[in-house]
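# Descriptive analysis of the structure
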Amino acid sequence: MPTRSSKKYVKYELSYDQKRKLLKLSSKYNIDPENIILIIEGFFDEWSENTTNIRWETVLIYLNTKILAKRINDMADEIVEIKKRNNIEKKMQVEYEDDYLALIELGKALESLTKIGDKS
Amino acid sequence: MKKKQNFNVHIPDTISEQIDNIENIVDNFLSNYMYLENVELDDLTNEENLEKEFNKLSEEFNKISQTYGKLRQEHGVLNFHGNELFSRNTLTGLKLGLVMGKLERAKSIWGDQLSLDYNAAKELIQYFFERYLKKSEDDD
């Protein structure tokens, strides 16, 4: 990294929990943990090189916006899925009702027949 | 043996100077590293636009959460009702099985004098048996 020599850096060592988080993310998204670190460092670099003074709070708003957008997307997908399942369930319930009527009718038919048998 | 790995993040001191809690930020960046990959820093220079966007999304999120909640609720109610209907049919089917037993006896006594289509009735009961009784056995 060419800019690294000309700039001063503070070395931050990941805490135990952060290390666990990193490794978890690494296996979840199938990405080398070092690469995740590089992405974060890359952002810090760009951030520091930007001439407009970008505040940390602004970065936070930006990230929260991304998170919200993703949540909305995921939820929209889930809504489609639940609607589908609800429709199937409604259809099933109509079938259950039909079955019930058929069962009752069959029961009655059998009952009346066996009554003839009981008389003997 | 692989030796215990340590991970360090190098933070430019111009940045670290303006940050009170580096641990927090690194935490946040770890969770959201995927969004950091393609950041257009120009997007970050207009704070007002960002806030507008965030507020718009918050509103959208609130709305969709409500829709989602209602659907989940409907799903719960449907599920509950479906289970009730299913168990009712199962019980009714079971009773039918008992009547069928009686029918078997009647048939042995009365034989062909029974006007019922015995095979059709048996088939129907078999169908219900498979649909309700067998299914609940499989679920266990």
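Residues numbered from 1 in each chain as written. Chains lettered and ligands numbered in written order. Predicted model: local features only at pLDDT ≥ 70, side-chain atom pairs only at ≥ 80, totals over all residues. Heavy atoms only, no water.

### Quick word on the pattern of salt bridges
All chains considered together, the criterion is met by nine salt bridges over all chains. A salt bridge links Asp27 of chain B to Lys21 of chain A; the shortest N-O distance between them is 3.9 Å. Placement of Asp27 of chain B in helix 2 (residues 22-31) and of Lys21 of chain A in helix 2 (residues 16-28) is noted, with the two residues assigned to different chains. Residue Lys90 of chain A pairs with Glu74 of chain B through a salt bridge whose shortest N-O separation is 3.1 Å. Of this pair, Lys90 of chain A sits in helix 4 (residues 56-119) while Glu74 of chain B sits in helix 5 (residues 47-110), placing the two residues on different chains. Under the relative-accessibility criterion, Glu74 of chain B is labelled partly exposed at 30%. Here the residues in one salt-bridge network are Arg55 and Glu57 of chain A together with Glu47 of chain B, joined through shared partners. (Salt bridge = Lys/Arg side-chain N within 4 Å of Asp/Glu carboxyl O. Helix = DSSP H or I, 4+ residues; strand = E, 2+ residues; numbered from the N terminus. Buried < 20%, exposed > 50% of the residue type's maximum accessible area, 1.4 Å probe, protein only.)

### What to know about helix 2 of chain A
Residues and elements named next belong to chain A. The end-to-end C-alpha separation of helix 2 is 18 Å, in line with the 18 Å expected for 13 residues at 1.5 Å each. For helix 2, the set of buried residues is Gln18, Lys19, Leu22, Leu25 and Ser26. Viewed along the axis of helix 2, the buried residues span an arc of 125°, placing them on a single side of the element. Exposed residues pointing more than 90 degrees away from the buried face of helix 2 are listed as Tyr16, Asp17, Lys24, Ser27 and Lys28. (Expected span 1.5 Å × (residues − 1). Arc of directions from axis to C-beta.)

### Points about the nonpolar core
Grouped together as the largest cluster of nonpolar side chains are 35 residues, with contacts concentrated most on Trp47 of chain A together with Phe29 of chain B. Those elements giving two or more residues to this core turn out to be helix 2, helix 3 (33-49) and helix 4 of chain A together with strand 1 (8-12), helix 2, helix 3 (33-36) and helix 4 (41-45) of chain B. Broken down by element, the residue count for this core peaks at seven residues, all from helix 3 of chain A. Those residues within four positions of Phe29 of chain B in sequence are excluded, and the remaining contacts are Ile40, Phe43, Phe44, Trp47, Trp56, Val59 and Leu63 of chain A together with Leu36 of chain B. The next biggest cluster of nonpolar side chains, apart from the first, holds 15 residues, and it includes Leu103 and Leu106 of chain A together with Leu85 and Ile125 of chain B. (Core = buried A, V, L, I, M, F, W, Y, C linked by side-chain atoms within 4.5 Å. Contact = heavy atoms within 4.5 Å.)

### Let's talk about the packing of aromatic side chains
Where two aromatic rings form a pair, the distance of their centres and the angle of their planes describe that pair. Tallied over the full model, the rule gives eight aromatic pairs over all chains. Taken together, the aromatic side chains of Phe43, Phe44, Trp47 and Trp56 of chain A together with Phe29 of chain B make up a single cluster linked through ring pairs. Cation over ring: Arg88 of chain B sits above Tyr100 of chain A, and NZ or CZ is 3.5 Å from the ring centre. (Phe/Tyr/Trp six-rings, centres within 6.5 Å; stacked < 30°, edge-to-face > 60°. Lys NZ or Arg CZ within 6 Å of the ring centre and 35° of its normal.)

### A few points about the confidence of the model for chain B
Any residue range with low pLDDT should be treated as having predicted coordinates unsuitable for detailed reading. Overall, the prediction assigns chain B a mean pLDDT of 84, with 87% of residues at 70 or greater. Interface confidence for the predicted complex, expressed as ipTM, amounts to 0.73; the pTM equals 0.72. (pLDDT = per-residue confidence, 0-100.)

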